[in-house]
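# Structural features, examined
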Amino acid sequence: MTAMTVNDQIMNALPIPVLTVGPEHRIVHANAAAEAFFEMSLRMMQRQKLSDFLPFGSPVLALVDDVRQRGSSVSEHRVDIGSPRLGAERIVDVSACPLGDDSDDVVIMLQERTIADKMNRQLTHRGAARSITALGALLAHEIKNPLSGIRGAAQLLEQSASEDDRLLTRLICDETDRIVKLVERMELFGEERPVERGPVNIHGVLDHVKRLAQSGFARHIRFVENYDPSLPPVLGSRDQLIQVILNLVKNAAEAIGIDAPDGEIILSTAFRTGVRLQVPGSQERVSLPIELSVIDNGPGIPSELMSDLFDPFVTTKVQGSGLGLALVAKIVGDHGGIVECEPAPRRTAFRILLPMHRADDGRGADL
């Protein structure tokens, strides 16, 4: 085995795109991750220049020239290399260094920011959910008991009240019931028991939620299923995953509205690789290859809400409590997963990455 073959194998094993650029920005070599990133084979890439892949005047080109002049490594963070070929927005960190003292070739490494940003946001989402754990327990203890007394007193008054006054006592009872339901939802955040996890067929979860939705709040909406039939089981709690998907589908249906003639919700699953996260309460780091998505063609989410979308009490609904997505973030976080929203005009996509179930011998279980 030659040294060049060994080097090629090492390069192709790297999970980040690595390019070697020669004079006039011509591509000399690219590893497998770079081929996947640019969606083009090495042979085709070698016929083109780096400038053919990047937007006009991209700072990456200037960075390559700077490396040649300095003869040392240069890095630049959060560079947008979006183009019609690569997509509207592709944010990367770029590092470049000379290949050697006697060569004009420059090695470029691209680290896409999408996953890193998702990780950072996910930690924020989990912190927001944990921040109201104690509040949920406090509300359950300090508010539910007095509310029961208030409701009982209103019912006693109702027995001897006039017709007009009964409307007021009924209002007291209804509002008391509404507050109790809100508090009960808050109690879910105080649940600190370990999640009992096992193999869960995520398609069974999606089908169950779809049936619930079509028999009630989403009977007027068309559902589209884009499933990967070979998907392995998820490691999780079936009941809690149903709660997560039900919240997302209900939000999607409410965003679309009852009067939309072309309302559509897409449920999709896929197998992804390359994302690893530490499971809460353990030192184990697991991969998150199971992706499931809930996508709707509603009006979208206001940009000013995106940074706080998974925080409690953040909502666009007049009668909303703002706890649904906070609960989603907590449950997904308890499962060791990631939840992310990808908004666009007339389209909102919630994507969840979860660990898959493995057999006792450590192998991925089959469906």
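In the block above lies the structure referred to throughout.
Here's what I pulled together on the structure shown here. Treat the numbers as computed from the prediction; the structure is a model and nothing was measured. (Residues numbered from 1 in each chain as written. Predicted model: local features only at pLDDT ≥ 70, side-chain atom pairs only at ≥ 80, totals over all residues. Heavy atoms only, no water.)

All right, on to the overall build of the chain then. When its secondary structure is counted, the chain shows 11 helices and 14 strands. The buried share of the chain, taken over its 367 residues, is 43%. Taking all contacts inside the chain whose residues are at least 6 apart in sequence as the whole, residues at least 24 apart take part in 62%. Carbon and sulfur atoms form 53% of the exposed surface of the chain, whose accessible area is close to 20,000 Å². (Helix = DSSP H or I, 4+ residues; strand = E, 2+ residues; numbered from the N terminus. Buried < 20%, exposed > 50% of the residue type's maximum accessible area, 1.4 Å probe, protein only. Contact = heavy atoms within 4.5 Å. Areas by Shrake-Rupley, 256 points an atom, 1.4 Å probe, with all protein chains shown as cover.)

With that settled, the discussion passes to the sheet that holds strand β14 (residues 347–354). Strands sit in the order β7-β9-β12-β14-β13 across an open sheet of five strands; the sheet is mixed. Looking along the sheet, the strands with just one partner apiece sit at the ends: β7 (222–226) and β13 (338–344). When strand polarity is set aside, the average angle formed by the axes of neighbouring strands in this sheet is 15°. Pairing analysis gives five bridges linking β7 to strand β9 (residues 264–271), with the strands arranged parallel. Bridging across to β9, N226 finds its partner in S268. (Pairing = 2+ DSSP bridges. Axes fitted to C-alpha atoms, helices over the stretch in contact; angles between N-to-C directions.)

This part takes up the environment of V244. Turning to its location among the elements, V244 is positioned in helix α10 (residues 238–256). Judged by relative accessible area, V244 falls into the buried class, the value being 2%. Sequence-distant contacts of V244, defined by excluding residues within four places in its chain, comprise V328, I331, V332 and I352.

Without other data, these values stay purely geometric and don't point to any function.
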